[in-house]
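Okay, here's what each chain looks like letter by letter:
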Amino acid sequence: MFDLVIFDCDGVLVDSEVVSNQVMVDNLARYGLQMTLQECMSQFVGTTMTGGMQMARDMGADLPDDWIDEIYAETYAALKGGVPAVRGIPDVLAHLDASGIPCCVASNGSREKMRITLGQNGLWERFEPAMFSAHELGVGKPDPDLFLAAAQHFGAKSPAVIEDSPSGSLAAQRASMRCFGYAEHDDGARLAAHGAQVFHDMADLPALLVL
């Protein structure tokens, strides 16, 4: 049995990826890079903003040096407009509570961003004591250190990771952790390529975790 469940935040706990990526689409268009929402999500979901900035420049976007501050400000403003919890997450958390299995968040996003998104859904208070952010650790996925830090904090020997991005599933693979890949918007092939067990409905997760 798993002794810890590590959740990614965006797209796993809160349904924020569409909002965030639409902001990215609109912003990059102003700098000469035209993308559809689906193309943007395929390219940028799970990346750090530093990595995303370099990727966008490589694709032809003429970004200013202060672009990261700009995109964060625009993204946070959009997220404050409202993001729901991922459908099925309250039931998953209830199953974890009933099973006595601890859980935490490990995200490439900032604590400020998680306060906005999780705070709208009554989840900030639950996860804030055990929250692992790449902004604070200084290294993000696909590096495994976020997940390893979470496991060390809890003294976990057999953690499970819940991810929705290739970089997150790769980080889990590098950490030698079992990964369940939540693929709401596609077939999950890119998650499976890094060893994730793909599922498409969060309601299925308790059975996969054998809760």
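Along each chain, residues carry numbers from 1 onward, in the same order as the chain's sequence is written. Only residues with pLDDT of at least 70 are given local features in this predicted model, and only at 80 or more are side-chain atom pairs given and counted; all residues enter the totals for whole chains, interfaces and linings. As a rule here, side-chain values cover all heavy atoms of the structure and leave hydrogens and water aside.

(A) Structural detail: unusual backbone geometry. The linkage connecting Lys 141 with the following residue, Pro 142, adopts the cis geometry, with an omega of 15°. A positive phi angle, close to 60°, is found at Ser 176, a residue other than glycine.

(B) Summary view of the packing of aromatic side chains. Note on aromatic contacts: the rings of Phe and Tyr and the six-membered ring of Trp form a pair at centre separations within 6.5 Å, being stacked when their planes are under 30 degrees apart, edge-to-face when over 60 apart, and tilted otherwise. Summed over all chains, the structure comprises 4 aromatic pairs. Aromatic pair Phe 2 and Phe 180: ring centres 5.9 Å apart, planes at 85°, arrangement edge-to-face. Here Phe 180 lies in strand β5 (residues 178-182) and Phe 2 lies in the segment before β1 (4-7), a separation of 178 residues in the sequence. By the burial criterion, Phe 2 is buried, and Phe 180 matches it. Look at Phe 7 and Phe 127: their rings are 6.3 Å apart centre to centre, the planes differ by 75°, and that puts the pair in the edge-to-face class. Pair noted here: Phe 7 is in strand β1 and Phe 127 is in helix α7 (residues 124-127), with a separation of 120 residues, a long-range link. Only DSSP runs of H or I with at least four residues qualify as helices, and only runs of E with at least two residues qualify as strands; both kinds are numbered from the N terminus onward. In this scheme, a residue with accessible area under 20% of its type's maximum is buried, one over 50% is exposed, and one in between is partly exposed, where area comes from a 1.4 Å probe on protein chains only.

(C) Spotlight on the nonpolar core. In plain words, nonpolar cores are sets of buried Ala, Val, Leu, Ile, Met, Phe, Trp, Tyr and Cys residues tied together by side-chain atoms within 4.5 Å. Ranked by size, the top nonpolar core spans 29 residues in total, and within it Phe 7, Leu 118, Phe 127, Met 202 and Leu 205 carry the most contacts. Of all elements in the fold, only β1, α5 (89-99), β2 (103-107), α6 (111-119), α7, β4 (159-163) and β5 reach the threshold of two or more residues within this core. Top contributing element to this core by residue count: α5, with 4 residues. Setting aside chain neighbours within four positions, we find Leu 205 in contact with Phe 7, Val 92, Ile 162, Phe 180 and Phe 199. Contacts were defined at the residue level, with two residues in contact if any of their heavy atoms lie within 4.5 Å.

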